[in-house]
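Observations on the model geometry
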Amino acid sequence: ATNHRLWPEIERMVEAQVMMAKMGIGECGSGWQLFAEDGEMKMYRREEEVDGMVVDPLKAVHVVKGITGHEVCHHFFSPQYRYDWETTLEHMTVLETISDDTLVFLQTHKRIWPASQRDGLFWSHIRKLPNEKDRDGPDIWTVVNNSTDHPDYPPNNGKCVRVFLTVCLLCQTTVDPPKEGMPLTRDNLSCKITYCSVVNPGGWAPASVLRAVYKREYPKFLKRFTAYVKNQTQSKPIMF
Ligand SMILES: O=S(=O)(CCO)c1ccc(-c2ccc(C3CCCC3)c([C@H]3C[C@H]3c3ccccn3)c2)cc1
């Protein structure tokens, strides 16, 4: 729905986030440090603080066989799966359904001692993008999440401190064609996933605690989420 109040912001954020996600770590500016590696998954972060708060940008790249970018983005965007893979979630509500590709979420995350509990209010938009490198190749799929306001849920008016986040999940599918006359199966699929996130904790939390949490939670999240998508799709028809 292009006539919604958020549309101009969504357009701007999607364009900016997709451009950043497409850039290699080297081009993304200096200061990225590899902080986790597991097989094909590589996680980088930059140590940044705003008003003494840790807001370390994170960029993860992963290659997963047997699934498509559409399947990855569909399971990331759709609310009905979220409790299955998002382990730090305590509660999630869809406050607004702007259109079938744009939702507004309110989420509370499990408290991380000694910091106070956090919640996040953000719009989430899923979009298919043309594959510029290979015109007749599979499309690129992306989901962008960005903090927003909602008149009924002002920040920090209850028990939770409001986090401010921008997240981009960008997925590029590769099809390795089967032998002549053989059917296409999931063995011919591979998906390159780029996950970028900046989470401002919204209020003071010990830097050492936050960095330890991110170091533990982000690798766990991406491994768990991608394993979940493989499991959910393995016996289903391929969704391009
Ligand atoms: O990609 S999403 O849009 C998926 C929808 O859920 C996303 C991801 C992460 C967060 C989030 C928000 C707050 C925190 C912290 C900040 C201070 C105390 C809580 C954390 C820390 C808990 C860590 C973490 C890292 C990775 C994944 C989940 N949890 C993460 C929110 C949304």
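In case you missed it, the structure is sitting above this.
A brief look at the structure comes next. Predicted, not measured: the structure shown is a model, and the values here were computed from it.

**Some words on the site of the ligand**
If you check the shell around the ligand, you find 19 residues, and the closest are Glu86, Thr88, Gln107, Asn145 and Tyr195. Taking glutamate 86, its side chain carries an N or O atom lying 2.5 Å from an oxygen atom of the ligand. One of the side-chain nitrogen or oxygen atoms of threonine 88 is found 3.2 Å away from a nitrogen atom of the ligand. Isolated, the ligand exposes 640 Å² of accessible area, and the fraction of that covered by the protein chains is 99%. Going through the elements one at a time, helix 3 (82-85), strand 7 (102-109), strand 11 (164-175) and helix 4 (207-233) are the ones with two or more residues in the shell around the ligand. Ranked by residues supplied to the shell around the ligand, first place goes to helix 4 with 6 residues. Its residues assigned to classes, the shell around the ligand comprises 11 nonpolar, 4 polar and 4 charged.

**Quick word on the packing of helix 2 (residues 69-77) against helix 4**
Where helix 2 meets helix 4, the axes come as close as 10 Å, and the angle between the chain directions of the two elements is 110°. Relative to helix 4, helix 2 is oriented roughly perpendicular. Note that helix 2 runs across helix 4; the crossing there is right-handed. Here Glu71, Val72, His75 and Phe76 of helix 2 lie close against helix 4, whose contacting residues are Phe221, Phe225, Tyr228, Val229, Gln232 and Thr233. Along the lines of polarity and charge, the residues of the contact of helix 2 with helix 4 split into 6 nonpolar, 3 polar and 1 charged.

**Regarding the pattern of salt bridges**
By the definition in use, this model includes 15 salt bridges. For the salt bridge of aspartate 56 with arginine 211, the shortest nitrogen-to-oxygen distance reads 2.7 Å. Placement of the pair is aspartate 56 in the loop between strand 4 (53-54) and strand 5 (58-65) and arginine 211 in helix 4, with a sequence separation of 155 residues. When the shortest N-O distance is used, the salt bridge between arginine 216 and glutamate 217 registers 3.4 Å. For glutamate 217, a relative accessible area of 13% puts it in the buried group. Several salt bridges share partner residues, and in doing so they unite Arg45, Glu47, Glu49, Asp56 and Arg211 into one network.

**Description of unusual backbone geometry**
In the segment running from tryptophan 113 into proline 114, the intervening peptide bond is cis, with an omega of -5°. Considering the arrangement of structural elements, one finds proline 114 in the loop between strand 7 and strand 8 (118-129). One non-glycine residue, aspartate 51, adopts positive backbone phi at about 50°. Position of aspartate 51 among the secondary structure elements: in the loop between strand 3 (49-50) and strand 4. Non-glycine residue asparagine 156 carries a positive phi angle of around 55°. Assignment of secondary structure puts asparagine 156 in the loop between strand 9 (140-147) and strand 10 (161-162).

**Regarding the nonpolar core**
Of all hydrophobic cores here, the largest spans 43 residues; its most connected members are Met43, Val72, Phe76, Leu169 and Tyr195. At 9 residues, the largest contribution of residues to this core is made by helix 4. Residues contacting leucine 169, with those up to four places away along its chain left out, are Val72, Cys73, Phe76, Trp141, Thr142, Val143, Ile193, Thr194, Tyr195 and Phe225.

**With respect to the pairing of strand 7**
Taken across its 8 residues, strand 7 has 8 buried, putting it largely inside the fold. Neither face of strand 7 is exposed, since Thr102, Val104, Leu106 and Thr108 on one face and Leu103, Phe105, Gln107 and His109 on the opposite face are all buried. Strand direction decides the pairing type here: strand 6 (residues 89-99) and strand 7, joined by 8 bridges, are antiparallel. Within strand 7, the position partnered with leucine 89 by the bridge is histidine 109. By the bridge criterion, 7 bridges tie strand 7 to strand 8 in an arrangement that is antiparallel. Bridge assignment links leucine 106 to a residue of strand 8, and that residue is leucine 121.

Definitions and cut-offs
Residues numbered from 1 in each chain as written. Predicted model: local features only at pLDDT ≥ 70, side-chain atom pairs only at ≥ 80, totals over all residues. Heavy atoms only, no water. Near = heavy atom within 4 Å. Polar contact = N/O pair within 3.5 Å; in protein donor to acceptor, adjacent residues only side chain to side chain. Areas by Shrake-Rupley, 256 points an atom, 1.4 Å probe, with all protein chains shown as cover. Helix = DSSP H or I, 4+ residues; strand = E, 2+ residues; numbered from the N terminus. Nonpolar A, V, L, I, M, F, W, Y, C, P; charged D, E, K, R; others polar. Axes fitted to C-alpha atoms, helices over the stretch in contact; angles between N-to-C directions. Parallel < 35°, antiparallel > 145°, perpendicular 65-115°, else oblique. Left-handed = near helix turned anticlockwise from the far one by under 90°. Contact = heavy atoms within 4.5 Å. Salt bridge = Lys/Arg side-chain N within 4 Å of Asp/Glu carboxyl O. Buried < 20%, exposed > 50% of the residue type's maximum accessible area, 1.4 Å probe, protein only. Core = buried A, V, L, I, M, F, W, Y, C linked by side-chain atoms within 4.5 Å. Pairing = 2+ DSSP bridges.

Taken by themselves, the reported measurements are silent on function.
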